[in-house]
Every structure is written in structure tokens, then in C-alpha cells.
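Here is what each chain is made of, one letter per residue.
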Amino acid sequence: MNAPIPLAELTAGSMNWERGTSRIPFAVYNDPALHKLELQRFFYEKHWCYVGLEAEIPNPGDYKRTEIGERSVILVRALDGVIHVVENACAHRGVAFCRARHGNVQAFVCPYHQWNYALDGRLRGVPMRHGVKREGVVQGGMPADFNFADHGLTRLKVAVRGGVVFASFDHDVESFEDFVGPDVLRYFDRLFDGRKLTILGYNRQRIPGNWKLMQENIKDPYHPGLLHTWFVTFGLWRADNRAQMVMDRHHRHAAMISTRGNAGAVSEVSRVSSFKQTMNLHDPRFLDIVPEAWWNGPTAVMTTLFPSVILQQQVNSVSTRQIVPDGHGHFDFVWTHFGFEDDTPEMTQRRLRQANLFGPAGFVSADDGEVIEFSQQTFDAKPAHRTLVELGGDEVANTDHMVTETLIRGMYRYWREVMAR
Amino acid sequence: MTAAIGFEDWQALTQLYADYAHVVDAGLWEQWPEFFTDDCIYRVQPRENFERGFPLATLSFESKGMLKDRAYGIRETLFHDPYYQRHVVGLPRLLRADEGRFEVEANYAVFRTKLSQITTVYNVGRSLDVVVRTAEGLRFARREFIYDSEMIPNSMIYPL
């Protein structure tokens, strides 16, 4: 288990693991060849990746352009209402033909040679397929055996659950439900329980760090009560809150579940410099929290679905956060804030106000991107070194507290299994 | 149609824009809320959300108190890489002038300079503003920065 993995060659001998996965080589974050392999193994095969919400494409013909890994894909509702995901790459010359980010169309047409596709990706028309007649003689044209069925857009396998759409380039992938596993699916279903979603809007940020660091950030219950003053001071997330850390059987996905308590109370967890006992908001509406029936107790559940998305419930603020890698050293982080169809105007307003805590400027999460950037700077400068994630030991197991880095260790146990295949 | 405005009002308006840029570029966060009325709206919103009618904004404040909370956050609660910001603001484009109330649009570009690094274009767009006359002079009742920039380069800590 602790033997160096074969990928050591890829990283000039620096990929040395110690103590299970509690010491992570910096080399996993800064190698372009390793990154390409990760794209293949995690984003393009055997995994489901997030592409969007059904509510983003409510009408026949509606589409949204997005990415899986570093490939451009289109989430589209066909004219019969069925949802498809196709690769944004013309079968002819590879043109990424879809340039708008959203819209409504009857068909996809590549501008280069006007190849025409139905919204499910099937090729429908090829100009000059039968050649062009001049002086009674047909010139050119596609070969007689040109078969439309062989030259459609790449069609992805699609899974829709609770209004959320996932897709996979791999048609042999297990079902979405098996992929997530029952223990984490419970928390997915808690948030996406079948109510229609309403889109509140997007935030987009580019973070100069390896994409895995964002998964790790939301598998790390250690930092929120330390880095984020608002969390510890207002009791939203602190180490003495009631909490559970839950993983799927592969340890790739996780849910961090916490219940608010102890706002302002002084204890050992508040003896940290980020705790501000005297801090009072000039406008308390930022934290006008109203419990909702669907919470069933927990005030925050942060779910990481590996590799592509984070599902956020922090009190009344709910969002999806999509991870779109761009090389080993950058990723785009796309936030989609939403609400539910039965929200009152006051609840919508409340979700929007609490959104000030999250996103690229959020009182809480702006600094997550900052620390990821600073970690990456060291990884690049010192590739033979390693990080240390030993809070709670070096084992990988669910816990009923948050004083642990077990979820990160679990993710790397899975990462090693897949990468060493 | 061009809205009419007297020279004194025009002079006060352009001074307001210049003073605002000075304060947010100099990092005078305690002075920043004082440019606004008590029940002001301050928003920094992606153009995408603005044009599609989505209400979400990157920063969305509804009172001078919220601006004070942000100022406190910058100083005390948000860990961030220090940086300079520099606004270059176009001439205000007057959309409507009523007695003591002006609707104004202005293009802006903000450059960011991190310590030991090269200056980059940080955020570009236009502001949609409502300026009102108060006993203390002109104040913003509403400032909405609608930004073209498709990606925030990591984070946004300081107000535009």
C-alpha cells in the first residue's frame, strides 16, 4: 500500500508516498503529463461529471455550453424535451462550433462547412454530399459509403436526478446512483428532493491552483473555523459543532455535515486569532437565517462529488460549484446559485443576501481561492516536497466530528488506486 | 436625448466620481461608505447575470451598514494577498437629471498590482448609478458595477 506508485517515472522520481496518503507529494499538483492522465481517468472515463441544472434549459431547443475536464460540451433539451449532452466539436474538422454560452436553436450548424446536426447530435446534412453537377457531370462529393450514422457529434451518456444533470463520455460507466453510492446520495437527495429549481445567477472565478485543491478544500473541515472569521465567530462552522464526515465506499465523494451551535461562545476552539468575540454586524440581515423543513437538522452540508462539482448548503444559501481544470496549474470555478420554485420572495432575498458570504468575493470563501494560490506557488517551487494531512491520524474512515483530515486522505487513496491502474 | 444640468452640478458630479476613485484606490475603507446614502444599493454584478435578468451579484449590499461590514471584513476578517487597485473612470454619461437626482453611467477599468508582480487588467465594465443631493453634498443612492470581465482573477476583496 505504501510502495511508490508506478507513476513515479512521470514525475522524475519525486512521487514518493509516505504513511498511506497522509503525506501528499507536491508532484501530484504540478506535472503536465500527470494532469493529462488525470483528465482521462477521472473526467473522461468511468466518472460522471456535472454539466448543469435542468432549470437552465427549461424549453425545447434551449442549450448551455459548458466543459467536462478540458473538453467543451453542450447541454441541450431536444425538441421532444429529452436532455442530451454532446461534444462541442464538429465531426468534420473538429471546430468547436458553438460559441454562445446559452441560447435556443432548432439544430446545430457548424459555420465552417455547414454540417448540420439534430439536437441529439445526429448528423442530418452535409453540403455537396452528392457532388456538384457541371455541364452534366457530377464532380466531387462524399464517398458512396459515407454513412451519416457514423459521423454525428460525440454523444455523452446522461443522468438526471433531482433536476441536476451529469454526463459521461464513457457509455460503460456505472449508474449515477451507484457512482455516488447510498451514503452520499442521501445528502444529494436531501438538497435535490424533486422540487423545481430556479436559477439565481452565476459567479465565475479563475483560480491559479491545481483543480484537486478545491476538492480538498471542501474535504477539509479543519480550516473553516480557523481561516474564516465569520464561520467561527457566528458559530456557522466551528470545531465543536455537531458534525459528521461521510464518504462513499471508494472514498472519492464525501459529505461534511454540520449543525450550527455556540455562536459567540468562548471555548478552546474560539481561542484562535480569527475569533472576534466583539464583532457585531452593522447590518445583521447578512445572517438572517431561517431554518427550512428540508434541512432535517444540519445547517450546513458540503458535498464533494469527485472530480467535477461541489454541492453547497450553508444555511439558506445553496449553490453548485463546478470545477473546470485548465492545465495543471489553473481551474475555473463556476458557481450557480439557485433557489426552489416554492420560495417566497423573502426567502429568495435571503438566499441572495447570504450569497455575500460565498463566491469569489464572499466574506467566507474569497480567501479559499487565495490560500489555494499560495499552496500552488510552493508546489511549483519545491516539487520534491510533500503536504501533511495527519489531523486525526493516517487512517481513512468516517467520523462523527470535524477534527480530522480523513476525507483528503480518502480522496488520495482513491486517486492512487485509479492512477496506478 | 441629453439631459440638461448646470455647471455647478456637473462640477460636483465629476468631483464625486474622482473622489470616489481616490478613496477606493487609496484603500481608505472607512471613508468608502460615506459616499452613499443610508439605504443605498451597492452591487458588483457579472454582465451575464445583468443581461439575463438573474438577480445574483458578486457583491450585493443594501445599506450603508453592509458597506461598513465589508470595510471591517477587509481589515479584520478576510485573509488575502495584498494588492493595489487603480481605477480609470470615463466621463460620467448623464442619462437623466431631475431636481436633486441624477442617473449616470460611467465606463471603468480597474488595474490590479500585486506585490512583486506585473500590473494586470483586473475588472472592466460600466457603473449604473443614481446620485442624489443631500445636506452633505452629492451621494450615491445606487451604484451597480456591471462587469464585462468573464473571470474574476481568483478573488475580489476590495470594493470597486
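Every value quoted in this text rests on a predicted model; they were computed, and no experiment measured them.

What counts and what doesn't
- Residues numbered from 1 in each chain as written.
- Chains lettered and ligands numbered in written order.
- Predicted model: local features only at pLDDT ≥ 70, side-chain atom pairs only at ≥ 80, totals over all residues.
- Heavy atoms only, no water.
- Pairing = 2+ DSSP bridges.
- Helix = DSSP H or I, 4+ residues; strand = E, 2+ residues; numbered from the N terminus.
- Axes fitted to C-alpha atoms, helices over the stretch in contact; angles between N-to-C directions.
- Contact = heavy atoms within 4.5 Å.
- Salt bridge = Lys/Arg side-chain N within 4 Å of Asp/Glu carboxyl O.
- Polar contact = N/O pair within 3.5 Å; in protein donor to acceptor, adjacent residues only side chain to side chain.
- Nonpolar A, V, L, I, M, F, W, Y, C, P; charged D, E, K, R; others polar.
- Buried < 20%, exposed > 50% of the residue type's maximum accessible area, 1.4 Å probe, protein only.
- Core = buried A, V, L, I, M, F, W, Y, C linked by side-chain atoms within 4.5 Å.
- Phe/Tyr/Trp six-rings, centres within 6.5 Å; stacked < 30°, edge-to-face > 60°.
- Lys NZ or Arg CZ within 6 Å of the ring centre and 35° of its normal.
- Expected span 1.5 Å × (residues − 1).
- Domains from an automatic or database assignment.
- Buried area = accessible area lost by both parts, 1.4 Å probe.

A. A look at the pairing of strand E15 (residues 242–247) of chain A. All names here are of chain A. The pairing of E15 with strand E16 (residues 254–259) spans six bridges and is antiparallel. Considered in E16, the bridge of Gln 244 is made with Ile 257. Between E15 and E16, which pair antiparallel one after the other, the connecting turn spans six residues, and His 251 there sits at a positive phi close to 70°.

B. Structural view of the sheet that holds strand E12 (residues 157–161) of chain A. Residues and elements named next belong to chain A. The strand order across the open sheet built from three strands is E2-E13-E12, with neighbouring strands paired in antiparallel fashion. A strand with exactly one partner marks an edge of an open sheet, and here the two such strands are strand E2 (49–53) and E12. When the angles between neighbouring strand axes are averaged without regard to direction, this sheet yields 30°. Both E2 and strand E13 (residues 164–168) contribute to a ladder of four bridges, which runs antiparallel. The residue bridging Gly 52 from the neighbouring strand is Val 165, located in E13.

C. Local environment of the interface of chain A and chain B. Listed per partner, the contact involves 41 residues of chain A and 37 residues of chain B. Linking chain A with chain B are five salt bridges, by the criterion used here. Across the chain A-chain B interface, the total number found is 25 residue pairs in polar contact (both at pLDDT 80 or more). Broken down by element, the residue count for the side of chain A that touches chain B peaks at nine residues, all from strand E14 (residues 197–207) of chain A. Looking at side-chain class alone, the side of chain A that touches chain B contains 18 nonpolar, 12 polar and 11 charged residues.

D. Looking closely at the side chain of Ser 63 of chain B. With respect to the element layout, Ser 63 of chain B can be found in the loop between strand E2 (59–61) and helix H3 (64–77). For Ser 63 of chain B, a relative accessible area of 8% corresponds to the buried category. The contacts of Ser 63 of chain B, once residues within four sequence positions are left out, are Asp 283 and Arg 285 of chain A together with Asp 38 and Cys 40 of chain B.

E. Highlighting the nonpolar core. Judged by nonpolar contacts, the single largest core of 134 residues is most densely connected at Ile 68, Phe 176 and Trp 230 of chain A together with Tyr 42 of chain B. Here the element with the most residues in this core is helix H9 (residues 406–419) of chain A; it accounts for eight residues. Filtering out sequence-adjacent residues up to four positions away, Trp 230 of chain A remains in contact with Gly 235, Leu 236, Met 279, Leu 281, Phe 286, Leu 287, Leu 357, Phe 363 and Val 364 of chain A together with Thr 77 of chain B. If you look at the next biggest cluster of nonpolar residues, it comprises 18 residues, including Ala 78, Phe 97, Phe 108 and Cys 110 of chain A.

F. Inspection of the packing of aromatic side chains at higher detail. Counted by the stated rule, this structure contains 50 aromatic pairs over all chains. Arg 71 of chain A extends its terminal NZ or CZ atom over the ring of Phe 169 of chain A, reaching a point 4.6 Å from the ring centre. Arg 143 of chain B extends its terminal NZ or CZ atom over the ring of Tyr 20 of chain B, reaching a point 4.5 Å from the ring centre.

G. Structural context of H3 of chain B. Compared with the 20 Å implied by 1.5 Å per residue over 14 residues, the 19 Å span of H3 of chain B between its first and last C-alpha is a close match. Counting buried positions over the 14 residues of H3 of chain B gives 10, a clear majority of the element. For H3 of chain B, every residue scored as buried is listed here: Lys 64, Gly 65, Met 66, Leu 67, Asp 69, Arg 70, Ala 71, Gly 73, Ile 74 and Thr 77 of chain B. Where H3 of chain B is buried, its residues touch helix H5 (224–227), helix H6 (229–233), helix H7 (345–354) and helix H8 (366–381) of chain A together with strand E1 (36–46) and E2 of chain B.

H. Spotlight on the domain arrangement of chain A. Residue and element names in this part refer to chain A. Considered domain by domain, chain A is made up of domain 1 (49–159) and domain 2 (182–419). For domain 1 and domain 2, the distance between their C-alpha centroids amounts to 37 Å. Between domain 1 and domain 2, the contact holds 11 residues from the first and 16 residues from the second. For the pairing of domain 1 and domain 2, the buried interface totals around 1100 Å² over both sides, and the portion due to carbon and sulfur atoms is 59%. Where domain 1 packs against domain 2, one counts zero salt bridges. Between the two partners, domain 1 and domain 2, sit seven residue pairs in polar contact (both at pLDDT 80 or more). Those elements that place two or more of their residues in the side of domain 1 that touches domain 2 are E2 and strand E3 (62–68). Looking at the side of domain 1 that touches domain 2, its residues break down into five nonpolar, two polar and four charged.

I. Fine view of the pairing of strand E6 (residues 120–134) of chain B. Residues and elements named next belong to chain B. Here strand E5 (residues 101–114) pairs with E6 via 12 bridges, running antiparallel. Residue pairing in the sheet places Ala 109 in a bridge with Val 124 of E6. Where E6 lies against strand E7 (residues 137–147), 10 bridges are found, and the strand directions are antiparallel. Residue pairing across strands places Thr 134 opposite Gly 137, the latter belonging to E7. Turn length for the E6-E7 hairpin, with the two strands adjacent in sequence and antiparallel, is two residues.

J. Unusual backbone geometry, seen in detail. All names here are of chain A. Note that the residue after Phe 306, namely Pro 307, is joined by a cis bond; omega there is 5°. You will see that His 251, though not glycine, has its phi angle at about 70°, which is positive. Its location among the elements puts His 251 in the loop between E15 and E16.

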